[in-house]
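Breakdown of the fold
Here is what each chain is made of, one letter per residue.
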Amino acid sequence: FIAILRARHAREGSLAGCQLIFSNDEKRDIILREEWDAMPGLKTTYTVTGEDAEGLPHHKIDAEFLDSHVADWSGVFYVCGPDKMVEDIEAILKDKGVPEDRIVVEAA
């Protein structure tokens, strides 16, 4: 997703309509946060699962989390992470009616 967002930003100058939901164990594990936050139009949502970090949700990305953070299920979804997480999120997206051809997965 890093290369995809950078390329789109370079090509279009804005990431309007794009959203990055990024889960990490701890706040210090969030890579490139300053870059993401500086990209015009990119909506960012960070969550951590291994600590209670001030200002960040402490929640696994699951159906409930996605329901509260995704307003539009009609786009393309890129999913990257550990195999189990990718499988779980892919299943959630399909349950939400996202067609398989709009789900791009990459396991870590």
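Quantities reported herein were computed from a predicted structural model and do not represent experimental measurements. (Residues numbered from 1 in each chain as written. Predicted model: local features only at pLDDT ≥ 70, side-chain atom pairs only at ≥ 80, totals over all residues. Heavy atoms only, no water.)

Observations concerning the layout of surface pockets
Its boundaries defined by the atoms lining it, the largest pocket holds a volume of some 990 Å³. If you trace the largest pocket, you find 30 residues lining it, with Gln 19, Leu 20, Ile 21, Phe 77 and Tyr 78 closest to the centre. Only helix H1 (2–12), strand S1 (19–24), strand S3 (77–81) and helix H4 (83–95) provide two or more residues apiece to the lining of the largest pocket. For the lining of the largest pocket, the leading source of residues is S1, giving six residues. (1 Å grid on protein atoms, 1.4 Å probe; cavity = no way out; pocket = protein on both sides within 12 Å on 5 of 7 lines; lining within 4 Å. Points joined across faces, edges and corners; volume = space filled by probe spheres on them. Helix = DSSP H or I, 4+ residues; strand = E, 2+ residues; numbered from the N terminus.)

A short note on the environment of Cys 80
Structurally, Cys 80 is set in strand S3. Using a relative accessible area of 33% as the deciding quantity, one classes Cys 80 as partly exposed. C-alpha separation for the pair Cys 80 and Phe 1, spaced 79 residues apart in sequence, amounts to 7.7 Å. (Buried < 20%, exposed > 50% of the residue type's maximum accessible area, 1.4 Å probe, protein only.)

With respect to the packing of aromatic side chains
Within this structure, the stated rule accounts for four aromatic pairs. Ring geometry for Phe 1 and Phe 22: centres 5.6 Å apart, planes at 75°, overall edge-to-face. Within this pair, whereas Phe 1 is found in the segment before H1, its partner Phe 22 is found in strand S1, the two being separated by 21 residues in sequence. Residue class for Phe 22 comes out buried when judged on its relative accessible area of 12%. (Phe/Tyr/Trp six-rings, centres within 6.5 Å; stacked < 30°, edge-to-face > 60°.)

Points about the nonpolar core
Membership of the largest hydrophobic core comes to 13 residues, with the highest contact counts inside it found for Trp 36 and Leu 42. Secondary-structure elements contributing two or more residues to this core are S1 and strand S2 (43–48). When neighbours within four sequence positions are excluded, Leu 42 is seen to be in contact with Leu 5, Leu 15, Cys 18, Gln 19, Leu 20 and Trp 36. In this structure, Val 86, Ile 89, Ile 92 and Val 98 belong to the second largest nonpolar core, which totals twelve residues. (Core = buried A, V, L, I, M, F, W, Y, C linked by side-chain atoms within 4.5 Å. Contact = heavy atoms within 4.5 Å.)

Focus: the side chain of Thr 45
For Thr 45, the location among the structural elements is in strand S2. Residue classification places Thr 45 among the buried residues on the basis of a relative accessible area of 8%. Ignoring any residue separated from it by four or fewer positions in sequence, one finds Thr 45 in contact with Gln 19, Leu 20, Ile 21, Phe 22, Phe 65 and His 69.

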